[in-house]
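Here is what each chain is made of, one letter per residue.
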Amino acid sequence: MREVAIVGAGMTRFGELWQSSLRDLFVEAADEALRAAGADHVDSIFVGNMSGGQFVGQEHLGPLMADHLGMAGVAATRVESACASGGVALRLGFIEVASGMSDLVLATGVEKMTDGADVTNVLASAADQENEVYHGITFPGLYAMIARAYMTENDLTEEDISWVAVKNHKHGAMNPKAQFQHEVTLEQVMNSTMVSDPLRLLHCSPVSDGAAAVLLCPLEQARKYTDRPVRIVGSGLATAPMALAHRPDPARLDAVARSAERAYGMAHVTPGDIQVAEVHDCFSIAEICCIEALGLLEREAAVKGAVTGCTALGGRIPVNTSGGLKAKGHPVGATGIAQTIEIFEQLRGEAGDRQVEGARLGLTQNMGGSGASSVVHIFEGV
Amino acid sequence: MPSPRYWREIPNRFRLEAARCTGCGTVAFPARTICPKCRGRELESVRLSRHGKVVTSTVVRVAPDEFMMEAPYAMAVIETPEGARLMTQVVDCDPDTVGPGMEVDLVFRLIRKEDHGGILCYGHKAVPVGG
Ligand SMILES: [Zn+2]
């Protein structure tokens, strides 16, 4: 396998972007990534997208997006793994370059969620329709059940969960691409509307539009495009039973642990080597479960990570310096690539006020559904 | 949901039919053709007991359109004595009282209406024992 580097990145601001269509969002992000690297062609495009079909009635995104990028003719494929679609698009792009099949690949993600679709129902289609959704469960409901199971087994409080949102909003306030560039107080989080006990509105990532793109090439060709390439040193993808009822322990995200093991193994690193991480906090409880499953912190420290500041900027292992899904926004298919861009900037020393000093090794973890799929990547500054 | 889709699910939704792996004893609900634990192909049909215990739960306050009139309602993962787990609503009680460990009976109820045709769709809900 060849070594693979990221040499360019582009993303839209995340938010309720009513002036932009699905294709507008894609073109803005993809074109920015190409220009950043000074590239005028690609061999192949992967479009991470959860549900263009349900959100805006548009499938077949590969050719559509290639066409609008002025590249009709190139190989282009839509990739779907619910909210992990972006991360899986990156993985497929990585494999294609590593294998020697292609030299220049755009790995992208895009989602248009605010065009009037019934977002609750669309997101629920990432759960088991026949055995979960049929009975009236929602996505926040599934994560609420994960939270309650975790609270039953551990010393985890609603306040611990709330601190995760406070911490991520603090980071998001420093990110010009974030949907919410403002801080929230613990009181605001704890007093926000209950959505599904014990999860409140400010524990939930928002409904967002956005796109993100990164350009991949073999490491040995990277200097053609940038002085500061970032190497992809590990990639792991794993699945778990789709329905919460079919998992041995609803509080445990086995797909996250397995995807991490595979990525660490490939990169020949241990969790203790990671200096900055973007973790899938679609609901604040998920950040706690994922930090533990990734091995970034032991269970007790993971629970108190945001309370103690251990996972905040300046802490032992800063998590979600971008603001996370909570504050940066969560246009589902774009999230995995946006996470990648945050780590790309961190490892290049370009993260501004959010910079983790001296970061050389970073990780992204992107999750689909209520944890039935998870993809982890590990990156190294070159 | 189109009618054939609903009709196909009747064995598990109406009769709680599950499958027990003759190799390792795992009970899969709804029934499957391959054991999720050992990949064995020899599975026998079993019916779940109509009671169980709450493994984890929540109260849905922001509900999907079809369930709007019922909110807030409790949802739970229930484990039956056979070791099978299923997602159900927990009804006929104050939803705030539902939590892990609660003993429930499974009762046959209307679950939802199918699309605009309004065809009635049935299944099981949980009610607290003695409630
Ligand atoms: Zn078996």
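In this section: the domain arrangement of chain A. Residues and elements named next belong to chain A. The domains assigned to chain A are domain 1 (4-118 + 207-224) and domain 2 (126-203 + 230-381). Taking only C-alpha atoms, the centre of domain 1 and the centre of domain 2 are 22 Å apart. Across the contact, 45 residues belong to domain 1 and 35 residues belong to domain 2. Note on domain 1 versus domain 2: buried area summed over both sides is about 3,000 Å², and carbon and sulfur give 69% of it. On the domain 1 side of the interface with domain 2, the three residues burying the most area are Ile 6, Phe 14 and Cys 83, jointly 23% of the side's total. Taken together, the links from domain 1 to domain 2 amount to 15 residue pairs in polar contact (both at pLDDT 80 or more). Looking at the side of domain 1 that touches domain 2, the elements with two or more residues in it are β1 (4-11), α4 (85-99), β4 (105-112) and β7 (209-218).

With respect to topology, three strands assemble into an open sheet ordered β2-β1-β3 (chain B), the strand pairing being antiparallel. Looking at which strands have only one partner, the edges of the open sheet turn out to be β2 (27-28) and β3 (43-47) of chain B.

Once that is clear, we can look at the coordination of the zinc ion. Bound to the zinc ion are the protein donor atoms Cys21(B) (SG), Cys24(B) (SG), Cys35(B) (SG) and Cys38(B) (SG), situated 2.3 to 2.4 Å from the metal. Considering all four donor atoms around the zinc ion, the spread of angles at the metal, 101 to 116°, places the coordination shape in the tetrahedral class.

With the rule as written, the count across this model stands at two cavities of 30 Å³ or more. Space inside the largest cavity adds up to approximately 160 Å³. Lining the largest cavity are 18 residues, and of these Asn131(A), His135(A), Phe29(B), Leu86(B) and Met87(B) sit closest to its centre. Secondary structure elements with two or more residues in the lining of the largest cavity: α2 (10-15), β6 (85-90) and β8 (119-128) of chain B. Top element by residues in the lining of the largest cavity is β6(B). It accounts for four residues. Split by residue class, the lining of the largest cavity holds seven nonpolar, seven polar and four charged. The space that makes up the second largest cavity amounts to roughly 30 Å³. Lining the second largest cavity are Gly87(A), Leu90(A), Gly336(A), Gln339(A), Thr340(A), Thr364(A), Gln365(A), Asn366(A), Val375(A) and His377(A).

The rules behind the values
Along each chain, the written sequence defines residue order, and numbers are assigned to residues from 1. Naming scheme: in the order in which they are written, chains are lettered from A and ligands are numbered from 1. Per-residue local features of the predicted model are confined to residues with pLDDT of at least 70, and side-chain atom pairs are confined, for both listing and counting, to 80 or more; whole-chain, interface and lining totals are unaffected and use all residues. Excluded from the side-chain calculation are hydrogens and water; included are all heavy atoms of the structure. Bear in mind that the domain bounds are from an automatic or database domain assignment. Residue contacts are defined here by distance: any two heavy atoms, one from each residue, within 4.5 Å place the two residues in contact. As used here, buried area is the combined drop in accessible area, with a 1.4 Å probe, of two parts when they are placed together. Nitrogen and oxygen atoms within 3.5 Å of one another constitute a polar contact, given that in protein one can donate a hydrogen and the other can accept it, and given that sequence-neighbouring residues count only through two side-chain atoms. Only DSSP runs of H or I covering at least 4 residues are called helices, and only runs of E covering at least 2 are called strands; the numbering of each starts at the N terminus. Strand pairing is assigned whenever DSSP identifies at least 2 bridges connecting the two strands. Metal sites are built from N, O and S donor atoms within 2.8 Å, or 3.2 Å for Na, K and Ca, and they leave out water, so they may look incomplete. A site with four donors is called tetrahedral when every donor-metal-donor angle falls between 85 and 135 degrees; four donors are called square planar, and six octahedral, when opposite donors sit more than 155 degrees apart and all other angles fall between 65 and 115; any other arrangement is irregular. Here a cavity denotes grid points, spaced 1 Å and computed from the protein atoms alone, that fit a 1.4 Å probe unable to get out, and a pocket denotes an open set having protein on both sides within 12 Å along at least 5 of 7 lines; residues with an atom within 4 Å of a point are the lining. Grid points are joined across faces, edges and corners, and a volume is the space filled by probe spheres set on the points. In the scheme used here, Gly and all other residues not listed as nonpolar or charged are polar, with Ala, Val, Leu, Ile, Met, Phe, Trp, Tyr, Cys and Pro taken as nonpolar and Asp, Glu, Lys and Arg as charged.

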